[in-house]
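Examination of the molecular architecture
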Amino acid sequence: MNNYLATHVATLPPSGIRKFFDLVATMKDVISLGVGEPDFVTPWTVRESGIFSLEEGQTMYTSNAGLFELREELSHHLSKTLDLSYDPHHEILITSGASEAVDLVMRAVLEPGDVVLVPDPSYVSYAPCAILAGASVNYVPTYAKDDFRMRVQELERVYTPKAKLLVLSYPNNPTGAIMNREDLLPIADFVSKHNLLVLADDIYSDLTYDQTHVSFASLPGMKDRTLFVSGFSKSYAMTGWRIGYVAGHPDLIQGMTKIHQYTMLCAPIMGQFAAIEALRSATEAKNDMVTAYDRRRRLLVHGFRQMGLDCFEPLGAFYVFPNISKTGLTSEEFAEQLLKEEQVAVVPGTAFGPSGEGHIRCSYAYSMEQLQEALKRISSFVERRLNI
Amino acid sequence: MLSDKDRTLLKLIAQDCRLKPEELSIQTGLTVEYIEKRISDWEKEKVIVGYQPMINWDRTGDDKVSALIEVKVLPQRGYGFDKIAKRLQRYPEIKALYLMSGGYDLSVLIEGKTMQDVALFVAEKLASLEHVQSTATHFVLRRYKQDGIELMGEEETLQRLVVSP
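Definitions and cut-offs
- Residues numbered from 1 in each chain as written.
- Chains lettered and ligands numbered in written order.
- Predicted model: local features only at pLDDT ≥ 70, side-chain atom pairs only at ≥ 80, totals over all residues.
- UniProt positions renumbered as here; feature names shortened; annotations may be inferred.
- Helix = DSSP H or I, 4+ residues; strand = E, 2+ residues; numbered from the N terminus.
- Rg over C-alpha atoms; globule rule 2.2 N^0.38 Å.
- Buried ≥ 20, exposed ≤ 12 C-beta atoms within 10 Å, placed from the backbone.
- Domains from an automatic or database assignment.
- Contact = placed C-beta atoms within 7 Å.
- Nonpolar A, V, L, I, M, F, W, Y, C, P; charged D, E, K, R; others polar.
- Pairing = 2+ DSSP bridges.
- Axes fitted to C-alpha atoms, helices over the stretch in contact; angles between N-to-C directions.
- Parallel < 35°, antiparallel > 145°, perpendicular 65-115°, else oblique.
- Left-handed = near helix turned anticlockwise from the far one by under 90°.
- Core = buried A, V, L, I, M, F, W, Y, C linked by C-beta atoms within 7 Å.

If you look chain B up in an unreviewed UniProt entry, it shows as DNA-binding transcriptional regulator, Lrp family from Desulfosporosinus hippei DSM 8344.

Where an unreviewed UniProt entry is consulted, chain A appears under the name Aminotransferase, with the organism given as Desulfosporosinus hippei DSM 8344. The UniProt entry for chain A carries the following text under Cofactor (unreviewed entry): "pyridoxal 5'-phosphate".

1. Observations regarding the overall build of chain B
Scanning chain B from N- to C-terminus turns up five helices and six strands. Ordered by position in the sequence, the α and β elements of chain B form the string α-α-α-β-α-β-β-α-β-β-β. A compact globule built from 165 residues should have a C-alpha radius of gyration of about 15 Å, whereas chain B, at 21 Å, is more than 25% larger. C-alpha extents for chain B along the principal axes are approximately 65 × 40 × 30 Å. When burial is assessed residue by residue, chain B has 13% of its 165 residues classed as buried.

2. Looking at the domain arrangement of chain A
Residue and element names in this part refer to chain A. Structurally, chain A comprises domain 1 (2-42 + 284-386) and domain 2 (44-281). Facing the 34 residues of domain 1 at the interface are 37 residues of domain 2. Where the side of domain 1 that touches domain 2 is concerned, the elements lending two or more residues are α11 (283-306) and β9 (319-320). In terms of residue count, the dominant contributor to the side of domain 1 that touches domain 2 is α11 (six residues).

3. Section: the interface of chain A and chain B
Accessible area lost when the parts come together is the quantity often used to give the size of an interface. Contacts between chain A and chain B engage 22 residues on the former and twelve residues on the latter. Sorting the residues of the side of chain A that touches chain B by element identifies α2 (16-25) and α11 of chain A as the ones contributing at least two each. Here the side of chain A that touches chain B is composed, by residue class, of 13 nonpolar, six polar and three charged.

4. A look at the pairing of strand β1 (residues 65-73) of chain B
Residue and element names in this part refer to chain B. Where β1 lies against strand β3 (residues 106-112), seven bridges are found, and the strand directions are antiparallel. For S66, the partnering residue across the bridge sits in β3 and is E111. Bridge count for β1 against strand β4 (residues 132-139) is seven bridges, and the pairing is antiparallel. Pairing of K72 across the sheet is with S134, part of β4.

5. Quick word on the packing of α11 of chain A against helix α13 (residues 368-386) of chain A
The axes of two packed helices give the description: the angle between them and the distance between them. All names here are of chain A. Look at α11 against α13: their axes get within 11 Å of each other, and the N-to-C directions meet at 5°. Relative to α13, α11 is oriented roughly parallel. Contacts from R296, L299, L300 and G303 in α11 reach M368, L371 and L375 in α13. When the residues that make up the contact of α11 with α13 are grouped by side-chain class, the tally is five nonpolar, one polar and one charged.

6. Considering the packing of helix α12 (residues 331-342) of chain A against α13 of chain A
Residue and element names in this part refer to chain A. Running from N to C, α12 and α13 point in directions that differ by 115°, and their axes come no closer than 10 Å. Here α12 is positioned roughly perpendicular relative to α13, judged by the angle of their axes. The way α12 lies across α13 gives a crossing that is right-handed. Of the residues in α13, those in contact with L338, E341 and E342 of α12 are R377, I378, S380 and F381. Tallied by class, the residues present in the contact of α12 with α13 amount to three nonpolar, one polar and three charged.

7. Observations concerning the sheet that holds strand β12 (residues 360-363) of chain A
Strand order across the open sheet formed by three strands is β9-β12-β11 (chain A), with antiparallel pairing between neighbours. Of all the strands in the sheet, just β9 and β11 (347-348) of chain A have a single pairing partner and so form its edges.

8. Things to note about the nonpolar core
Counting residues in each nonpolar core, the largest one holds 124 residues, and the members touching the most others are V105, A130, L227, V229 and V246 of chain A. If one sorts the elements of this core by residue count, helix α5 (residues 97-109) of chain A sits on top with seven residues. Each of domain 1 (2-42 + 284-386) and domain 2 (44-281) of chain A accounts for three or more of the residues forming this core. Here L227 of chain A is in contact with V105, L197, V198, L199, A200, V246, G248 and L252 of chain A, once residues within four sequence places are set aside. With twelve residues, the next largest nonpolar core counts I84, V108, I110 and V122 of chain B among its residues.

9. Digging into the UniProt feature "domain: Transcription regulator AsnC/Lrp ligand binding" (unreviewed entry) in chain B
Taken from the UniProt record, the annotation "domain: Transcription regulator AsnC/Lrp ligand binding" (unreviewed entry) applies to residues 69-142 of chain B. Note that residues 69-142 of chain B is 26% helix and 35% strand, and that its end C-alpha atoms are spaced 16 Å apart.

10. Regarding the environment of F52 of chain A
Tracing the sequence through the fold places F52 of chain A in helix α3 (residues 44-55). Sequence separation between F52 of chain A and A274 of chain A is 222 residues; the distance between their C-alpha atoms is 9.2 Å.

11. Topic: the domain arrangement of chain B
One can read the domain layout of chain B as domain 1 (4-44) and domain 2 (57-142). A separation of 35 Å is found between the C-alpha centroids of domain 1 of chain B and domain 2 of chain B.

12. Points about the sheet that holds strand β2 (residues 92-95) of chain A
Two strands in a sheet stick together by hydrogen bonds in their backbones, pointing the same way (parallel) or opposite ways (antiparallel). Residue and element names in this part refer to chain A. Ordered in space as β2-β8-β7-β6-β5-β3-β4, the seven strands form an open sheet in which the pairing is mixed. Across the chains shown, the open sheet's two edge strands, defined by having one partner strand only, are β2 and β4 (136-141). The sheet shows a mean angle of 20° between the axes of neighbouring strands, taken without regard to direction. Alignment of strand β6 (residues 197-201) against strand β7 (residues 226-231), held across four bridges, turns out to be parallel. Across the sheet, the residue bridging to V198 is T226, located in β7. On top of the sheet, helix α4 (residues 68-82) reaches β2 and β8 (244-247); it is set at about 115° to β2, its chief contact.

13. Let's talk about the UniProt feature "domain: Aminotransferase class I/classII large" (unreviewed entry) in chain A
Under the UniProt annotation, the feature "domain: Aminotransferase class I/classII large" (unreviewed entry) is placed at residues 28-378 of chain A. Each end of residues 28-378 of chain A is marked by a C-alpha atom, and these two atoms are 17 Å apart; helix forms 40% of the span and strand 14%.

14. Considering the pairing of β7 of chain A
Residue and element names in this part refer to chain A. Along β7, six of the six residues are buried, which leaves the element largely enclosed by surrounding structure. Side chains T226, F228 and S230 project from β7 onto one buried face, and the interleaved L227, V229 and G231 project onto a second face that is buried too. The sheet contact formed by β7 and β8 spans four bridges and is antiparallel. In the sheet register, V229 faces β8, and the bridge partner there is V246.

As structure tokens, this is what we get:
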């Protein structure tokens, strides 16, 4: 039936992660550092309010934009935590996870022939969403020597007059890199100079260590150019609830709401009620999770450096991205051989773009015990490779 | 007031006091010397008052009974409740002792081998004390949660995908 598939779908490459997932699925007793979601369960108070909403019979559609109460609460929250000001009436749209928000942004603003500038490496869905929206992608390489921060020189190098949208995804999956104010200001100049829109995927903004997140949208003059995307999955361990959002200029939000109303109608109502509770009373639970991630982050960075590998210190998200090129293996070879010999699953850096070559992504959304065992196994694997 | 770093350190120790200063150092970024000094200070200041594993005795098969006793006391002039509390806290049978607001004064947690042990202790040692007006004994039937740890049921294994973006 393949010939029924639209060409742009048939030719869309499958996710590099998927390929690896299939391989892992065939093996037993695997310790996985391959997961991109929290190991915590959603805080009880949040779960309880989801349950309560069901007991109350809150099982209908919400308005397309999402419960007003949630948008209002979000507006306060963004103003308090990230110095962002969005009107809950016209500037916030609740989506089914940040993933939908990314897709909506791409579909609402891109036309065939447009180019999207995407950090490399970065989360797997930006390029496919751009392609599905008829656009094409120019990767903006980022390097370990810059702590994987995006630099204007690289942006200028890959820029084309067809570029319309720049994706900024910091804290970054897979590298754990962050961009502080000084890093973002030159990018803002670049964006103004070339009259670009920005998709700021700030989904990991709560997970930073020794640093406070600076949102691109909060920089002078950048609010109207930015579509601020985030959600509850990572901060509040709510991946399965599917609640995200996009905030931005009312014209753009209106455009996205049109697509959203025809394709999704609204985000799940139970998740929306739970999200309200998360904003109101799960800050301490969130902070405890951040503290736990921070311990694990330090343990993994220390562990990889002890093995003799270069590992820059990630200051955000929950991934470390060590350089494994000393072993003489490519990212894919390393991940495959490690899995077969030591039953540890990590994700090859190349699953997130060509600049991920030479690196592996290890998630620390695992218990200390699992991380310690994984480090032990990776260490003996690396030792064997370095001694050849 | 504790600094953020110290609070993190103390919470870590509270969660698992087996962690060695070297491990704590890796996980917090604080130096081993700082951690050792801090712990020793806290021990001296009685901020850290002991290191104990949390044991669920119900699972050991050993006989053990606990009861919470509500005690009404006549406060003594010049001492309030402290004098009698000081005396009570010396009994090894008493595992916890609190001054309460509300309908009674002291809450006493007692552990013994049998219900009779506990009843005898209450009758002979507690109720008979001068200034104690009345006692009400409530035996613990089952422990569901203690010191923040849920004791009931097996840990459910949550099925996360093995690899996800």
